[in-house]
Amino acid sequence: MAHTIVLTNQKGGVGKTTTSAALAAGLARRGYKVLAVDMDPQGNLGFSLGVDIDKGPTIYEGLKGDATVYEIIHRISDIDIIQSNILLSSAEATLRTDNRELLLKKLLEPVERLYDYIIIDTPPAFNILTLNGYSAANYLVIPMSAEILSLVGLVQLKETYETVRQSVNPNLKIMGIILTKYEKRRKLSRDVLEMAGTVAGQLNTSVFSAVIRSGVAAAEAPAHGMNIFEYSPRSAPAKDYGAFIDEILLMVKEDEENGKKDE
Ligand SMILES: Nc1ncnc2c1ncn2[C@@H]1O[C@H](COP(=O)(O)OP(=O)(O)O)[C@@H](O)[C@H]1O
Ligand SMILES: [Mg+2]
(Lines give C-alpha, C1' and ligand atoms only; values in the text may rest on other atoms or scores of the structure.)
(Ligands and ions follow the chains in the order given, each with its own letter.)
Protein backbone atom coordinates (compact mmCIF):
# COMPACT_ATOMS: atom_id res chain seq x y z
CA MET A 1 0.00 0.00 0.00
CA ALA A 2 1.25 3.44 -0.89
CA HIS A 3 2.23 5.99 1.71
CA THR A 4 0.49 9.18 0.67
CA ILE A 5 2.22 12.48 1.47
CA VAL A 6 0.58 15.86 0.92
CA LEU A 7 2.57 19.08 0.68
CA THR A 8 0.55 21.89 2.20
CA ASN A 9 0.72 25.56 3.15
CA GLN A 10 -1.90 28.14 2.42
CA LYS A 11 0.78 30.62 1.46
CA GLY A 12 2.03 30.61 -2.15
CA GLY A 13 5.71 30.69 -3.05
CA VAL A 14 6.89 28.70 -0.03
CA GLY A 15 8.22 25.70 -1.97
CA LYS A 16 5.28 23.27 -2.06
CA THR A 17 5.70 22.44 -5.72
CA THR A 18 9.50 22.44 -5.66
CA THR A 19 9.43 20.10 -2.66
CA SER A 20 6.75 17.85 -4.23
CA ALA A 21 8.83 17.48 -7.39
CA ALA A 22 12.06 16.83 -5.47
CA LEU A 23 10.39 14.32 -3.18
CA ALA A 24 8.74 12.44 -6.06
CA ALA A 25 11.92 12.42 -8.15
CA GLY A 26 14.20 11.58 -5.23
CA LEU A 27 12.08 8.63 -4.11
CA ALA A 28 11.86 7.34 -7.68
CA ARG A 29 15.66 7.52 -8.02
CA ARG A 30 15.95 5.34 -4.95
CA GLY A 31 13.87 2.70 -6.65
CA TYR A 32 10.47 3.38 -5.10
CA LYS A 33 7.38 3.36 -7.27
CA VAL A 34 6.02 6.90 -7.18
CA LEU A 35 2.85 8.62 -8.30
CA ALA A 36 2.87 12.44 -8.24
CA VAL A 37 -0.53 14.14 -8.18
CA ASP A 38 -1.07 17.82 -8.92
CA MET A 39 -4.10 19.26 -7.13
CA ASP A 40 -3.12 22.86 -7.95
CA PRO A 41 -4.88 24.41 -10.98
CA GLN A 42 -1.64 26.27 -11.72
CA GLY A 43 -0.32 22.96 -13.04
CA ASN A 44 3.25 23.67 -11.96
CA LEU A 45 4.03 20.19 -10.67
CA GLY A 46 3.35 18.57 -14.04
CA PHE A 47 5.31 21.30 -15.75
CA SER A 48 8.23 20.88 -13.31
CA LEU A 49 8.38 17.19 -14.02
CA GLY A 50 8.33 17.75 -17.76
CA VAL A 51 4.70 17.05 -18.72
CA ASP A 52 2.91 19.07 -21.38
CA ILE A 53 0.03 20.07 -19.12
CA ASP A 54 -2.22 21.17 -21.95
CA LYS A 55 -2.22 17.71 -23.51
CA GLY A 56 -4.14 14.73 -22.29
CA PRO A 57 -6.61 14.15 -19.48
CA THR A 58 -6.03 15.69 -16.05
CA ILE A 59 -6.99 15.18 -12.44
CA TYR A 60 -10.11 17.21 -13.14
CA GLU A 61 -11.54 14.58 -15.51
CA GLY A 62 -10.75 11.99 -12.85
CA LEU A 63 -12.47 13.89 -10.04
CA LYS A 64 -15.51 14.54 -12.19
CA GLY A 65 -15.73 10.86 -13.07
CA ASP A 66 -15.24 11.50 -16.79
CA ALA A 67 -12.07 9.37 -16.86
CA THR A 68 -10.71 6.47 -14.83
CA VAL A 69 -7.58 6.87 -12.77
CA TYR A 70 -5.71 4.67 -15.24
CA GLU A 71 -6.62 7.01 -18.08
CA ILE A 72 -5.21 10.11 -16.39
CA ILE A 73 -1.81 8.74 -15.32
CA HIS A 74 1.07 9.94 -17.50
CA ARG A 75 4.47 8.31 -17.30
CA ILE A 76 7.57 10.53 -17.32
CA SER A 77 10.76 8.43 -17.09
CA ASP A 78 10.52 6.74 -13.70
CA ILE A 79 7.66 8.81 -12.22
CA ASP A 80 3.96 8.45 -12.86
CA ILE A 81 2.08 11.70 -12.75
CA ILE A 82 -1.48 12.93 -12.69
CA GLN A 83 -1.33 16.47 -13.96
CA SER A 84 -3.66 19.39 -13.63
CA ASN A 85 -4.26 22.61 -15.45
CA ILE A 86 -6.24 25.78 -15.03
CA LEU A 87 -9.58 24.07 -15.72
CA LEU A 88 -9.32 22.52 -12.25
CA SER A 89 -10.00 25.95 -10.77
CA SER A 90 -13.71 25.47 -11.43
CA ALA A 91 -13.77 22.37 -9.20
CA GLU A 92 -15.21 24.26 -6.25
CA ALA A 93 -18.28 25.16 -8.27
CA THR A 94 -18.67 22.03 -10.37
CA LEU A 95 -17.89 19.16 -8.00
CA ARG A 96 -21.17 19.15 -6.20
CA THR A 97 -21.67 15.58 -5.07
CA ASP A 98 -22.16 14.25 -1.54
CA ASN A 99 -18.88 13.58 0.26
CA ARG A 100 -17.08 15.65 -2.29
CA GLU A 101 -14.02 15.91 -0.05
CA LEU A 102 -13.47 12.20 -0.65
CA LEU A 103 -13.35 12.27 -4.45
CA LEU A 104 -9.54 12.11 -4.64
CA LYS A 105 -9.30 9.32 -2.09
CA LYS A 106 -11.83 7.25 -4.03
CA LEU A 107 -10.15 8.02 -7.33
CA LEU A 108 -6.73 6.85 -6.09
CA GLU A 109 -7.96 3.74 -4.24
CA PRO A 110 -7.60 1.31 -7.17
CA VAL A 111 -3.95 2.27 -7.76
CA GLU A 112 -2.76 2.54 -4.15
CA ARG A 113 -1.39 -0.97 -4.35
CA LEU A 114 0.74 -0.14 -7.37
CA TYR A 115 2.88 2.49 -5.64
CA ASP A 116 5.20 2.86 -2.68
CA TYR A 117 4.60 6.60 -2.44
CA ILE A 118 1.93 8.99 -3.66
CA ILE A 119 3.01 12.65 -3.47
CA ILE A 120 0.28 15.28 -3.70
CA ASP A 121 0.88 18.98 -4.36
CA THR A 122 -1.88 21.38 -3.28
CA PRO A 123 -2.93 24.94 -4.14
CA PRO A 124 -2.20 27.92 -1.87
CA ALA A 125 -5.73 27.93 -0.44
CA PHE A 126 -8.03 25.99 1.83
CA ASN A 127 -10.60 24.90 -0.67
CA ILE A 128 -12.17 21.64 -1.76
CA LEU A 129 -8.97 20.64 -3.57
CA THR A 130 -6.82 20.96 -0.46
CA LEU A 131 -9.48 19.20 1.59
CA ASN A 132 -9.42 16.31 -0.88
CA GLY A 133 -5.66 16.12 -0.43
CA TYR A 134 -5.93 15.97 3.38
CA SER A 135 -8.62 13.32 3.17
CA ALA A 136 -6.55 11.10 0.88
CA ALA A 137 -3.29 11.44 2.84
CA ASN A 138 -1.41 9.50 5.48
CA TYR A 139 0.97 12.39 6.08
CA LEU A 140 1.20 16.16 5.73
CA VAL A 141 4.48 17.99 5.17
CA ILE A 142 4.46 21.77 5.56
CA PRO A 143 7.03 23.74 3.54
CA MET A 144 7.84 27.18 4.95
CA SER A 145 9.99 29.70 3.14
CA ALA A 146 12.88 31.24 5.05
CA GLU A 147 12.39 34.32 2.84
CA ILE A 148 9.00 35.19 4.27
CA LEU A 149 8.25 35.73 7.93
CA SER A 150 4.62 34.76 7.69
CA LEU A 151 2.15 32.78 9.68
CA VAL A 152 -0.60 33.19 7.13
CA GLY A 153 -3.00 30.30 7.20
CA LEU A 154 -1.26 28.24 9.84
CA VAL A 155 -4.14 28.51 12.32
CA GLN A 156 -6.50 27.45 9.56
CA LEU A 157 -4.15 24.60 8.65
CA LYS A 158 -4.34 23.33 12.21
CA GLU A 159 -8.14 23.59 12.26
CA THR A 160 -8.47 21.83 8.91
CA TYR A 161 -6.09 19.11 10.04
CA GLU A 162 -8.08 18.54 13.22
CA THR A 163 -11.42 18.57 11.43
CA VAL A 164 -10.23 16.02 8.88
CA ARG A 165 -8.80 13.81 11.63
CA GLN A 166 -12.06 13.92 13.55
CA SER A 167 -14.17 13.14 10.52
CA VAL A 168 -12.86 11.21 7.54
CA ASN A 169 -9.17 10.54 8.23
CA PRO A 170 -8.30 9.80 11.89
CA ASN A 171 -4.79 8.53 11.06
CA LEU A 172 -3.62 11.70 9.33
CA LYS A 173 -0.27 12.80 10.75
CA ILE A 174 1.89 15.90 10.31
CA MET A 175 5.44 14.73 9.52
CA GLY A 176 6.95 18.15 10.05
CA ILE A 177 7.82 21.58 8.75
CA ILE A 178 10.48 21.77 6.04
CA LEU A 179 12.26 25.08 5.77
CA THR A 180 13.01 26.11 2.18
CA LYS A 181 15.07 28.86 0.53
CA TYR A 182 17.29 29.05 3.59
CA GLU A 183 20.30 31.37 3.71
CA LYS A 184 22.47 30.79 6.71
CA ARG A 185 23.94 34.28 6.71
CA ARG A 186 20.58 36.05 6.65
CA LYS A 187 19.06 36.99 9.97
CA LEU A 188 15.61 36.66 8.43
CA SER A 189 16.28 33.00 7.63
CA ARG A 190 17.39 32.32 11.19
CA ASP A 191 14.32 34.14 12.55
CA VAL A 192 12.01 32.07 10.35
CA LEU A 193 13.73 28.87 11.51
CA GLU A 194 13.02 29.86 15.10
CA MET A 195 9.42 30.71 14.26
CA ALA A 196 9.06 27.36 12.49
CA GLY A 197 10.08 25.68 15.74
CA THR A 198 7.33 27.50 17.63
CA VAL A 199 4.72 26.70 15.01
CA ALA A 200 5.79 23.06 14.95
CA GLY A 201 5.27 22.90 18.70
CA GLN A 202 1.73 24.19 18.31
CA LEU A 203 1.04 21.54 15.68
CA ASN A 204 2.59 18.78 17.83
CA THR A 205 5.19 18.14 15.20
CA SER A 206 8.79 19.20 14.60
CA VAL A 207 10.97 20.95 12.06
CA PHE A 208 12.94 18.62 9.78
CA SER A 209 16.67 18.59 10.60
CA ALA A 210 17.31 19.05 6.90
CA VAL A 211 16.80 22.64 5.77
CA ILE A 212 16.68 23.38 2.04
CA ARG A 213 19.19 26.04 1.16
CA SER A 214 18.47 28.62 -1.46
CA GLY A 215 20.06 27.84 -4.81
CA VAL A 216 19.45 28.90 -8.39
CA ALA A 217 19.39 25.27 -9.51
CA ALA A 218 16.06 24.81 -7.68
CA ALA A 219 14.52 27.69 -9.59
CA GLU A 220 16.10 26.79 -12.95
CA ALA A 221 15.47 23.04 -13.11
CA PRO A 222 11.72 23.20 -13.95
CA ALA A 223 12.30 25.41 -16.99
CA HIS A 224 14.55 22.65 -18.35
CA GLY A 225 11.89 20.01 -17.68
CA MET A 226 14.32 18.30 -15.30
CA ASN A 227 14.15 17.53 -11.63
CA ILE A 228 16.78 18.94 -9.30
CA PHE A 229 18.71 15.65 -9.09
CA GLU A 230 19.08 15.45 -12.86
CA TYR A 231 19.67 19.14 -13.40
CA SER A 232 22.23 19.80 -10.72
CA PRO A 233 22.92 16.83 -8.44
CA ARG A 234 25.75 18.58 -6.59
CA SER A 235 23.79 21.78 -5.87
CA ALA A 236 22.93 22.73 -2.30
CA PRO A 237 19.15 22.17 -2.78
CA ALA A 238 19.76 18.70 -4.28
CA LYS A 239 21.93 17.68 -1.34
CA ASP A 240 19.43 19.10 1.16
CA TYR A 241 16.48 17.41 -0.50
CA GLY A 242 18.46 14.18 -0.29
CA ALA A 243 18.79 14.60 3.48
CA PHE A 244 15.08 15.49 3.73
CA ILE A 245 14.15 12.28 1.91
CA ASP A 246 16.35 10.27 4.30
CA GLU A 247 14.32 11.69 7.19
CA ILE A 248 11.01 10.94 5.47
CA LEU A 249 12.03 7.33 4.85
CA LEU A 250 13.11 6.92 8.45
CA MET A 251 9.79 8.26 9.78
CA VAL A 252 7.79 5.97 7.53
CA LYS A 253 9.90 3.01 8.59
CA GLU A 254 9.39 3.85 12.26
CA ASP A 255 5.64 4.14 11.77
CA GLU A 256 5.56 0.81 9.98
CA GLU A 257 7.48 -0.82 12.79
CA ASN A 258 5.15 0.69 15.34
CA GLY A 259 2.27 -0.76 13.37
CA LYS A 260 0.67 2.64 13.05
CA LYS A 261 -0.52 1.80 9.57
CA ASP A 262 -2.56 -1.33 9.15
CA GLU A 263 -1.42 -2.61 5.79
N1 LIG B 1 15.65 26.09 -2.54
C2 LIG B 1 15.28 27.04 -3.42
N3 LIG B 1 16.19 27.94 -3.87
C4 LIG B 1 15.82 28.90 -4.75
N5 LIG B 1 14.60 29.07 -5.24
C6 LIG B 1 13.64 28.22 -4.83
C7 LIG B 1 13.92 27.16 -3.90
N8 LIG B 1 12.77 26.48 -3.67
C9 LIG B 1 11.82 27.08 -4.42
N10 LIG B 1 12.33 28.12 -5.12
C11 LIG B 1 11.61 29.03 -6.02
O12 LIG B 1 10.63 29.72 -5.26
C13 LIG B 1 9.44 29.92 -6.03
C14 LIG B 1 8.25 29.34 -5.27
O15 LIG B 1 8.41 27.93 -5.14
P16 LIG B 1 7.20 26.93 -5.37
O17 LIG B 1 7.73 25.57 -5.12
O18 LIG B 1 6.57 27.18 -6.70
O19 LIG B 1 6.23 27.36 -4.21
P20 LIG B 1 4.66 27.04 -4.00
O21 LIG B 1 4.36 25.78 -4.73
O22 LIG B 1 4.51 26.91 -2.52
O23 LIG B 1 3.91 28.22 -4.54
C24 LIG B 1 9.69 29.25 -7.37
O25 LIG B 1 10.07 30.21 -8.30
C26 LIG B 1 10.83 28.29 -7.08
O27 LIG B 1 11.61 28.06 -8.22
MG1 LIG C 1 2.87 25.41 -6.15
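Scroll up for the structure.
In this report, the structure presented in the accompanying data block is examined. (Residues numbered from 1 in each chain as written. Chains lettered and ligands numbered in written order. Predicted model: local features only at pLDDT ≥ 70, side-chain atom pairs only at ≥ 80, totals over all residues. Heavy atoms only, no water.)

### Focus: the nonpolar core
- In this structure, Val 37, Ile 59, Leu 63, Leu 104, Leu 108 and Ile 120 are the most contacted members of the largest nonpolar core, which totals 48 residues.
- Counting residues per element, this core draws most heavily on helix H9 (residues 187–202), at five residues.
- Among residues more than four places away in sequence, those in contact with Ile 120 are Thr 4, Ile 5, Val 6, Leu 7, Ser 20, Val 37, Met 39, Leu 104, Leu 108 and Ala 136.
- In terms of nonpolar packing, the next biggest core, distinct from the first, is built from 36 residues, Leu 49, Tyr 139, Ala 210 and Ala 218 among them. (Core = buried A, V, L, I, M, F, W, Y, C linked by side-chain atoms within 4.5 Å. Buried < 20%, exposed > 50% of the residue type's maximum accessible area, 1.4 Å probe, protein only. Helix = DSSP H or I, 4+ residues; strand = E, 2+ residues; numbered from the N terminus. Contact = heavy atoms within 4.5 Å.)

### Looking at the sheet that holds strand E5 (residues 117–121)
- Strand order in the open sheet made by the seven strands is E3-E4-E2-E5-E1-E6-E7, with mixed pairing throughout. In this open sheet, the two strands that pair with only one neighbour each are strand E3 (74–76) and strand E7 (173–180). Sheet twist, expressed as the average angle between the axes of neighbouring strands with direction ignored, equals 25 degrees.
- Relative to E5, strand E1 (residues 3–7) is paired through five bridges, and the arrangement is parallel. Following the sheet pairing, Thr 4 is matched in E5 by Ile 118.
- Each of E1, strand E2 (34–38), strand E4 (79–82), E5, strand E6 (139–145) and E7 touches helix H1 (residues 16–29); the most contacted strand, E5, lies at about 165 degrees to it. (Pairing = 2+ DSSP bridges. Axes fitted to C-alpha atoms, helices over the stretch in contact; angles between N-to-C directions.)

### Some thoughts on the packing of aromatic side chains
- What the rule picks out here adds up to four aromatic pairs.
- Judged by centre distance (5.5 Å) and plane angle (90 degrees), the rings of Tyr 32 and Tyr 117 are edge-to-face. One end of the pair, Tyr 32, is in the loop between H1 and E2; the other, Tyr 117, is in strand E5, and 85 residues separate them in sequence.
- Judged by its relative accessible area of 4%, Tyr 117 falls in the buried class.
- A centroid spacing of 4.9 Å and a plane angle of 75 degrees characterise the contact between Phe 208 and Phe 244, whose relative ring orientation is edge-to-face. Of this pair, Phe 208 sits in the loop between H9 and helix H10 (216–220) while Phe 244 sits in helix H12 (residues 236–257), and the two are 36 residues apart along the sequence.
- Taking the relative accessible area as the measure of exposure, Phe 208 reaches 3% and is therefore buried.
- For Phe 244, a relative accessible area of 0% corresponds to the buried category. (Phe/Tyr/Trp six-rings, centres within 6.5 Å; stacked < 30°, edge-to-face > 60°.)

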